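Observations on chain architecture
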Amino acid sequence: MTQTTSTRPHPDEDNMNDHANAAKQSDAIQTTPLFALHQALGGKMVPFAGYHMPVQYPDGILKEHLHTREQAGLFDVSHMGQVVIKGAGLAQALEKLIPVDLESLNINQQTYAVLTNKDGGILDDLIVTRWAEDTFFLVVNAACKEQDLSHLLTHLHGFEFEYLNGQGLMALQGPAATHVMEQLSPEANKLTFMNGCHTQISGKRCYVTRSGYTGEDGFEISVDGHDAEALAKTLLSFDAVEPIGLGARDSLRLEAGLCLYGHDMDTKTTPIEASLLWSISQSRRPEGAKAGGFLGAERIFQQINDGVSTKRVGFEIEGRAPIREGAEIVNETGAVIGKITSGGFGPTLNQPVAMGYVPKAFATVGTKLSAMVRGKARPITVCKMPFVPQRYFRG
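So, a few notes on the structure that sits alongside this text. Quantities reported herein were computed from a predicted structural model and do not represent experimental measurements.

1. What to know about the nonpolar core
Core analysis: the largest hydrophobic core is formed by 28 residues, its most contacted members being Met 170, Val 208 and Leu 235. Put simply, the parts of the chain that give this core at least two residues each are β3 (72-76), β9 (168-173), α6 (177-184), β10 (196-201), β11 (204-209), β12 (218-223) and α8 (225-236). If one sorts the elements of this core by residue count, α8 sits on top with five residues. The contacts of Val 208, once residues within four sequence positions are left out, are Met 181, Ala 188, Leu 191, Asn 195, Gly 196, Cys 197, Thr 199, Ile 201, Phe 219, Glu 220 and Ile 221. Core analysis: the next-biggest nonpolar cluster, separate from the first, contains 26 residues, Val 100, Leu 115, Phe 136 and Leu 138 among them.

Pasting the structure below:
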């Protein structure tokens, strides 16, 4: 891959000043390597996380959503941050920031993780892949990448950072994705869920992983920005593949019961409150062989042992109209007990769904509550997530 970045051995004052200047420059709306292609395909462009991004294409969000569930959708996620970090002892150093047993990861294996702060809150959620013994590849959320890089530079001394600015990143998601990848890269198509490989697709050097944000089987493809448009056109040349915008990406992840950072979790939310205990490796939990040692471990361990006062849950909604983020949740007496953090119409289910936070006493599946919409109480019921079955390829 081609990197357009500088190498930073340690977070000295000059480096931090350079980083601050870069953050200021990023305030201007940027474009991804696929911007011209989005326009050519009729994408409706909107500002998102500092980038011009397609919210939908001419077919519309509903058809894009269903096409991804039934065949395959191509998403531009180049706005997300891609960082390579190298150095002896890096796994142990990263484990002080991430409650995951990174030392146990195999080469080319990846894991979902959260960056925690000293209070146990979530700074960001990310995907970490082990490229080599002392080399890790991180993909972070677009809106958080500047603060994430600053956080990593502050805490990781003596390591080499490569920020892949301008790198393309695409997600090919849906049941037909494997048939497309089988023709383009049989090696990548042999991957199982949460694993990756370096490969070539149509002569373009790529790093491909098999995971996703839709609940479907699929692949993420990191490629040099100069090759991104040509590769996207190759993928779109298959009849099963259509371009998909942010609108359907959001409804797909909601149906999959997946969090959106800044909405369903933030710096005041712990992984336990967000129902993300599974993101903390067994060995890093209380009584584990490598228990603790990460920022906020004390509060998180207290919640693991004693439980939490509030918890993220899913909701079935009576009626056809969606209930959106911010709606207050009330109990049978009309007292406000929580709020909706994500909500919308689930095209696969042909009904609205939502998730939000309520006190533990109201978090049991089957609990009847209401959400306030324009002064009117709408019946909702706590339910299991995900709302649709996950279809990841685990081999």
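Moving on from the model shown.
2. As for the packing of aromatic side chains
According to the stated counting rule, one finds six aromatic pairs in the structure shown. One aromatic cluster is present, formed by Trp 131, Phe 137 and Tyr 207 through successive ring pairs.

3. Focus on the side chain of Thr 32
Here Thr 32 shows up in the loop between α1 (13-25) and α2 (35-40). For Thr 32, a relative accessible area of 6% puts it in the buried group. The contact partners of Thr 32, leaving out residues within four places of it in the chain, are His 38, Tyr 51, Met 53, Asp 76, Ser 78 and His 79.

4. Quick notes on the pattern of salt bridges
Counted by the stated rule, this structure contains 14 salt bridges. Salt-bridge contacts for Glu 216 lead to Arg 69; the nearest nitrogen and oxygen are separated by 3.1 Å. Pair noted here: Glu 216 is in the loop between β11 and β12 and Arg 69 is in helix α3 (residues 61-70), with a separation of 147 residues, a long-range link. You'll find Glu 216 and Arg 69 in the same group, each marked buried. One salt bridge connects Arg 391 with Glu 216, and the closest N-O pair in it is separated by 2.8 Å. Here the residue Arg 391 occupies a position in the segment after β19 (376-383), and Glu 216 occupies one in the loop between β11 and β12, the gap between them amounting to 175 residues. Here the salt bridges do not stand alone but share partners, grouping Arg 69, Glu 216, Glu 255 and Arg 391 into one network.

5. Remarks on empty space enclosed by the protein
By the definition in use, this model includes two cavities of 30 Å³ or more. By volume, the largest cavity amounts to about 70 Å³. Lining the largest cavity are Leu 34, Leu 37, His 38, Leu 41, Tyr 57, Leu 74, Phe 75, Asp 76, Ala 232, Leu 236 and Pro 243. When contributions to the lining of the largest cavity are tallied by element, the ones reaching two or more residues are α2, β3 and α8. The element contributing the most residues to the lining of the largest cavity is β3, with three residues. Along the lines of polarity and charge, the residues of the lining of the largest cavity split into nine nonpolar, one polar and one charged. Its volume calculated, the second largest cavity comes out at about 50 Å³. In terms of lining residues, the second largest cavity is bounded by His 38, Met 53, Pro 54, Tyr 57, Phe 75, Asp 76, Ile 244, Gly 245, Leu 246 and Arg 249.

6. Describing the side chain of Arg 378
Considering the arrangement of structural elements, one finds Arg 378 in strand β19. Despite its burial, Arg 378 pairs with no opposite charge, the nearest such side chain being Glu 318 at 7.3 Å. A distance of 2.7 Å separates a polar atom in the side chain of Arg 378 from the backbone oxygen of Ala 321. Each residue touching Arg 378, except ones within four places of it in the same chain, is listed here: Ile 317, Glu 318, Gly 319, Ala 321, Pro 322, Ile 323, Leu 369, Ser 370, Ala 371 and Val 373.

7. Overview of the sheet that holds strand β4 (residues 81-86)
Spatial ordering of the open sheet is given by β5-β6-β7-β4-β8, a layout of five strands whose pairing is antiparallel. Lying at the two open borders of the sheet, with one neighbouring strand each, are β5 (110-116) and β8 (160-163). Within this sheet the neighbouring strands show an average axis-to-axis angle of 30 degrees, counted without direction. Contacting β4, β5, β6 (122-132), β7 (135-140) and β8, helix α5 (residues 145-155) crosses the sheet at an angle of about 170 degrees to β8.

8. Concerning the state of the cysteines
Tallied over the full model, the rule gives zero disulfides. For the unlinked cysteine Cys 144, the closest cysteine sulfur is that of Cys 259, found at 13 Å. Classification of Cys 144 as buried rests on a relative accessible area of 5%. Among the cysteines around Cys 197, which has no disulfide bond, Cys 206 carries the closest sulfur, lying 9.5 Å off. For Cys 197, a relative accessible area of 7% corresponds to the buried category.

9. Here's the deal with the pairing of β4
The buried count for β4 comes to five of six residues, which makes it a mostly enclosed element. Relative to β7, β4 is paired through six bridges, and the arrangement is antiparallel. Bridge pairing in β7 links Lys 86 to Thr 135. Alignment of β4 against β8, held across four bridges, turns out to be antiparallel. For Ile 85, the partnering residue across the bridge sits in β8 and is Phe 161.

10. Notes on the sheet that holds β9
Strands sit in the order β10-β11-β12-β9-β3-β13 across an open sheet of six strands; the sheet is mixed. Each having just a single partner strand, β10 and β13 (241-243) make up the two edges of the open sheet. Sheet twist, expressed as the average angle between the axes of neighbouring strands with direction ignored, equals 30 degrees. The sheet contact formed by β3 and β9 spans four bridges and is antiparallel. In the sheet register, Asp 76 faces β9, and the bridge partner there is Met 170. Contacting β3, β9, β10, β11, β12 and β13, α8 runs over the sheet at an angle of about 15 degrees to β9.

Reading the values: rules and limits
Residues numbered from 1 in each chain as written. Predicted model: local features only at pLDDT ≥ 70, side-chain atom pairs only at ≥ 80, totals over all residues. Heavy atoms only, no water. Core = buried A, V, L, I, M, F, W, Y, C linked by side-chain atoms within 4.5 Å. Buried < 20%, exposed > 50% of the residue type's maximum accessible area, 1.4 Å probe, protein only. Helix = DSSP H or I, 4+ residues; strand = E, 2+ residues; numbered from the N terminus. Contact = heavy atoms within 4.5 Å. Phe/Tyr/Trp six-rings, centres within 6.5 Å; stacked < 30°, edge-to-face > 60°. Salt bridge = Lys/Arg side-chain N within 4 Å of Asp/Glu carboxyl O. 1 Å grid on protein atoms, 1.4 Å probe; cavity = no way out; pocket = protein on both sides within 12 Å on 5 of 7 lines; lining within 4 Å. Points joined across faces, edges and corners; volume = space filled by probe spheres on them. Nonpolar A, V, L, I, M, F, W, Y, C, P; charged D, E, K, R; others polar. Lys, Arg positive; Asp, Glu negative; His and termini not counted. Polar contact = N/O pair within 3.5 Å; in protein donor to acceptor, adjacent residues only side chain to side chain. Pairing = 2+ DSSP bridges. Axes fitted to C-alpha atoms, helices over the stretch in contact; angles between N-to-C directions. Disulfide = S-S within 2.5 Å.

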